[in-house]
Amino acid sequence: MLRSCVCLRSDEDGKRRGSSVEDASSCRSSEIERVGASMQTLGPSGQPQSVAAQTTTRASSLLQFFHRKGWCKHFRKPLRGMSASRAEKTILMDPSQKDDDTLRLGLRLRLRHRQTEGTPPEKAPMACWAVAIRAAIFIQKWYRRHQARREMMRRCNWQIFQNLEYASEQDQAELYKFFNDLIKHMPQAAGRKNQHHGESIISLLDEKDDMMDELGDTVNAKIEMPIRKSHIDLLIDVFRKKRGNRLHPKYVALILREGAKSLKQLPNISMVSTAVSQQVTVCGDLHGKLDDLLVVLHKNGLPSSSNPYVFNGDFVDRGKRGLEVLLLLLSLYLAFPQAVFLNRGNHEDSVMNARYGFIREVEGKYPRNHKRLLAIIDEVYRWLPLGSVLNSRVLIVHGGISDNTSLDLIKSIDRGKYVSILRPPLTDGEPLDKTEWQQIFDIMWSDPQTVMGCVPNTLRGAGVWFGPDVTENFLQRHRLSYVIRSHECKPNGHEFMHDNKVITIFSASNYYAIGSNKGAYIRLNNQLMPHFVQYISAASQSKRLSFKQRMGMVESSALKELAVKMRDYRDELEDEFKKFDPDNTGCITITNWCYVMEKVTKLGLPWRLLRDKLAPGTDSHMVNYYTTLDLLDTDVILEAEADGTSVMDALYANKASLVAIFNIIDADDSGEITLDEFETAIDLLTAHMPGAYSKEEMLEKCRMMDLNGDGKVDLNEFLEAFRLSDVQRKQQQDENTRRRSEVRASTKPSDPVTELADRISRNTVIVEQDIDPSDCEAKVIKPNKA
């Protein structure tokens, strides 16, 4: 085909022009630069021009403008000796061999041949160069579309992860709102009957370590006080192993008790200084990611007087090694009390732990002693400091601030009352001060926003969004330079906002899935100039994967979490779909499908982009909604749902919340709730918190709680009613699952659904290995590059 190209015709001497890349006159990219020079003396017709005409043409010619700017040199690329004919043949005959160089050359040659065939020899240089520019523009457009699709997919997956995370936190925040409204409208009940609970928790610090032996192997490692560096090395060596990583429960209790006793002596706001160390390191959320903590200690060194650390909350939940992270951080604090500062996060809370996995983790590792260990962990939580101030100029808190945040008020709060931030505090019979409760809630749960003002955080359902004006006013009022906070996962592990006056730091890499995000920590010097260190733990796992495989794993993890969340609305989704399908065809329009998905789940996701994933195998106009429902009934989604924890499970597992509700309703402090007290509470609830049930229906439910028929409900009956309700709910779920399984057995799911479920199952399998802190990728980001 190239034989007829004008570039390969015989020259004036009768010699044939070579097709080899080594031939300087051959048809290759380097000719673009040479032809550019000759084109400066040719007019549109190929004839020589005068100087004035050349100037006019140069000003109007895009091609000559490209040459004058030197942009054409970017199209040069060494082709490793491949001839032009061989490159084109490779493109046409063997598509699997299309590397970037071959694709670029082959495309350029094909277009050039088509455009220049039959062109007079004197116009060939102009034609070849024009075609080359067109080819380059075509490649550029293709590359930009490819990059745009990649970025769209990445943002879509990220939005799924974040919206699901915030939606589940909304459920937990509703408990705080419920307590807050109860106390607001039943002030006489606030603060009562909590003092005995506080006394029982305080006594835990004085108990002996009489823990029972656990079944299975525990490490024969002896920990004693005071903890020294040798103990730290021992704990790291034990915890990093895949198996045989359990300490004896008496040593776990020892570390927790001694940590709580020492934390109790600290102020609410820790004062950190670089006067001695000349630097300080700040770490964000770890969320049970022991591998990330070990990477930080490996890259940055153990704490010391010259290398202090601030760990900014959220040590546990979501990850599988939260207990090890908590024990190691407490051990570091006990070994280096002047060099380790621990701040409390919103997940240092038993109510959150019941929902996000930490309580289940402790139960699984120490089934015989988990209740006592969890009670001591609550004691650790209540005495964790609420924040830190570095050099009197930088505030370090977990969440953020609000327009009402006052450091003076926070410093004066008795933080020991707040065993859980989501439940009313222990008040020893004193009236509850809701102002200070709100202060703690705001610094634990708030997020920055780009617009001005301070508004309730509707995405999380708790805390506020604070704007640049709120930040500026707060910093001026307290004479601070900027704020460091965590609480939000960021793709690069960190983010600047509010004119660099709010820094977000997140230290858990691979948080949502392998390759989903990087972790980071900050190093600040005497001048408080931040230097970021980005890293990815377990880097060898992602190195073995191609980019497409990594994106597939992230996408599968996102779809799996989304499908598990949608399982909560499975019956409601089916009912809503059928409203748009009166003929029972199984198909509805894309618009109706998207409308139902958003109406039922209220997740605010780009459903049109997700239609191919959640309803595979459907055409571009109609959606077979049965494929969506079939996906939710696949084994991989059902197994993932069974591994999770529902809101009801979390509420019942954390009986302290139910006890607090009982105490609030029990107006006369008799230990029993009468129907009159129920009716009073229901009147307040229906007046200020309208719900789906009428007063009569709620009263009937109250009568059903009276199991012995004496006209009163004591605490045991109250708790038993919730347990029975939970059992009934689970039985109903199991019955629905069994019924759908029978239907699915008789009507096999479509091949696209089966393929998608298999891909999700295959891409979300996690192989646990020993942790190697050196298996990481890390780089330092200087401030001007941050």
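Quick note: structure is the one above.
**Examining the sheet that holds strand 11 (residues 494-497)**
Then comes step 1: Pairing is mixed in the open sheet, where 6 strands are placed in the order 1-5-6-10-12-11. Strand pairing shows two members of the sheet lacking a second neighbour, strand 1 (269-272) and strand 11, which therefore form its edges. Averaged over all neighbouring strand pairs, the angle between strand axes comes to 20°, with direction disregarded.
Then comes step 2: As defined by bridge partners, strand 1 adjoins strand 5 (residues 387-390) across 4 bridges and the pair is classed as parallel. Of the residues in strand 5, the one forming a bridge with Ile269 is Gly387.

**Some details on the packing of aromatic side chains**
Then comes step 1: All told, the structure shown has 12 aromatic pairs when counted by the stated rule.
Then comes step 2: Measuring from ring centre to ring centre gives 6.0 Å for Tyr521 and Tyr535, while their planes differ by 40°; the resulting arrangement is tilted. Of this pair, Tyr521 sits in strand 13 (residues 519-525) while Tyr535 is found in strand 14 (residues 530-537), placing the two residues 14 residues apart along the sequence. When sorted by exposure, Tyr521 lands in the same class as Tyr535, which is buried.
Then comes step 3: Here the aromatic rings of Phe580 and Tyr595 are separated by 6.0 Å at their centres, their planes lie at 80°, and the arrangement is edge-to-face. Remark: Tyr595 occurs in helix 21 (residues 590-601) and Phe580 occurs in the loop between helix 20 (570-579) and strand 15 (587-589); sequence separation between them is 15 residues.
Then comes step 4: Put simply, the rings of Trp158, Phe161, Phe506, Tyr511 and Tyr512 pair up and form one aromatic cluster.
Then comes step 5: The cationic tip of Arg246 hangs over the ring face of Tyr366; the distance from NZ or CZ to the ring centre is 5.9 Å.
Then comes step 6: Taking the ring centre of Tyr356 as reference, the NZ or CZ of Arg355 above it sits at 6.0 Å.

**A closer look at the pairing of strand 11**
Then comes step 1: Bridging between strand 11 and strand 12 (residues 502-505) involves 4 bridges; their strand directions are antiparallel. Across the sheet, the residue bridging to Phe496 is Ile503, located in strand 12.
Then comes step 2: Taken together, strand 11 and the strand that follows it, strand 12, pair antiparallel across an intervening segment of 4 residues, in which His498 is found at a positive phi of about 55°.

**Quick word on the sheet that holds strand 4 (residues 340-342)**
Then comes step 1: Across the sheet, which stays open at both edges, the 6 strands sit in the order 4-3-2-13-14-19 with mixed pairing between neighbours. Single-partner strands in this sheet number two, and they are strand 4 and strand 19 (776-781). Between one strand and the next, the sheet's axes are offset by a mean angle of 20°, whatever the strand orientation.
Then comes step 2: Taken together, the 5 bridges between strand 2 (residues 279-283) and strand 13 define a ladder with antiparallel strand orientation.

**As for the pairing of strand 12**
Then comes step 1: Across the two faces of strand 12 the burial is the same, with Val502 and Thr504 and Ile503 and Ile505 all buried.
Then comes step 2: Summarising the sheet, strand 10 (residues 482-485) and strand 12 pair through 3 bridges and their orientation is parallel. By the bridge assignment for strand 12, Ile484 is matched with Ile503.

**Here's the deal with unusual backbone geometry**
Then comes step 1: Residue Pro226 follows Met225 across a cis peptide bond; omega there is -5°.
Then comes step 2: The residue Pro226 is located in the loop between helix 7 (195-202) and helix 8 (229-239) in this model.
Then comes step 3: One non-glycine residue with positive phi stands out, namely Arg318, at about 70°.
Then comes step 4: Positionally, Arg318 belongs in the loop between strand 3 (309-311) and helix 11 (322-335).

**Overview of the environment of Phe239**
Then comes step 1: Note that Phe239 resides in helix 8.
Then comes step 2: In this structure the C-alpha to C-alpha distance between Phe239 and Glu324, which are 85 residues apart in sequence, comes to 6.5 Å.
Then comes step 3: What Phe239 contacts, discounting residues up to four positions off in sequence, is Asn245, Leu247, Leu290, Arg321, Glu324, Leu327 and Leu328.

**Overview of the nonpolar core**
Most often, soluble globular proteins have nonpolar side chains that are buried together.
Then comes step 1: Ranked by internal contacts, the top residues of the largest apolar core, which has 63 residues, are Leu256, Phe311 and Leu328.
Then comes step 2: Not counting residues up to four positions away in its chain, the partners in contact with Phe311 are Cys283, Leu286, Leu293, Leu329, Val340, Phe341, Leu342 and Asn343.
Then comes step 3: Counting 44 residues, the second-largest nonpolar core is a separate cluster that includes Ile160, Leu629, Leu631 and Leu632.

**Comments concerning the pattern of salt bridges**
Then comes step 1: Throughout the structure, instances matching the rule amount to 25 salt bridges.
Then comes step 2: Lys613 is the salt-bridge partner of Glu555, the closest N and O atoms lying 3.4 Å from each other. With Glu555 in helix 19 (residues 547-567) and Lys613 in helix 22 (residues 607-614), the pair connects residues that are 58 residues apart, well separated along the chain.
Then comes step 3: With relative accessibility at 26%, the residue Lys613 sits in the partly exposed group.
Then comes step 4: Each of the salt bridges in this network shares a partner with another, and the network as a whole consists of Asp447, Arg460, Arg485, Glu488, Lys490 and Glu495.

**Remarks on the packing of helix 9 (residues 249-264) against helix 11**
How two helices pack is summed up by the angle between their axes together with the distance between the axes.
Then comes step 1: For the pair helix 9 and helix 11, interaxial distance at closest approach is 9 Å and the crossing angle is 55°. By the criterion of interaxial angle, the relationship of helix 9 to helix 11 is oblique. Handedness of the helix 9/helix 11 crossing: left-handed. Contacts between helix 9 and helix 11 involve Val252, Ile255, Leu256, Glu258, Gly259, Ser262 and Leu263 from the first element and Leu326, Leu327, Leu330, Ser331, Tyr333 and Leu334 from the second.

**As for the packing of helix 19 against helix 22**
Then comes step 1: It is at 12 Å that the axes of helix 19 and helix 22 come closest, and there the two elements cross at 95°. If you check the angle between helix 19 and helix 22, you find them roughly perpendicular. Residues Glu555, Leu559, Leu562 and Met566 of helix 19 touch helix 22, and the partners they reach there are Trp607, Leu610, Lys613 and Leu614.
Then comes step 2: The residue inventory of the contact of helix 19 with helix 22, partitioned by class, reads 6 nonpolar, no polar and 2 charged.

How each quantity is defined
Residues numbered from 1 in each chain as written. Predicted model: local features only at pLDDT ≥ 70, side-chain atom pairs only at ≥ 80, totals over all residues. Heavy atoms only, no water. Pairing = 2+ DSSP bridges. Helix = DSSP H or I, 4+ residues; strand = E, 2+ residues; numbered from the N terminus. Axes fitted to C-alpha atoms, helices over the stretch in contact; angles between N-to-C directions. Phe/Tyr/Trp six-rings, centres within 6.5 Å; stacked < 30°, edge-to-face > 60°. Buried < 20%, exposed > 50% of the residue type's maximum accessible area, 1.4 Å probe, protein only. Lys NZ or Arg CZ within 6 Å of the ring centre and 35° of its normal. Contact = heavy atoms within 4.5 Å. Core = buried A, V, L, I, M, F, W, Y, C linked by side-chain atoms within 4.5 Å. Salt bridge = Lys/Arg side-chain N within 4 Å of Asp/Glu carboxyl O. Parallel < 35°, antiparallel > 145°, perpendicular 65-115°, else oblique. Left-handed = near helix turned anticlockwise from the far one by under 90°. Nonpolar A, V, L, I, M, F, W, Y, C, P; charged D, E, K, R; others polar.

Spatial relationships are all this shows, so hold off on functional conclusions.
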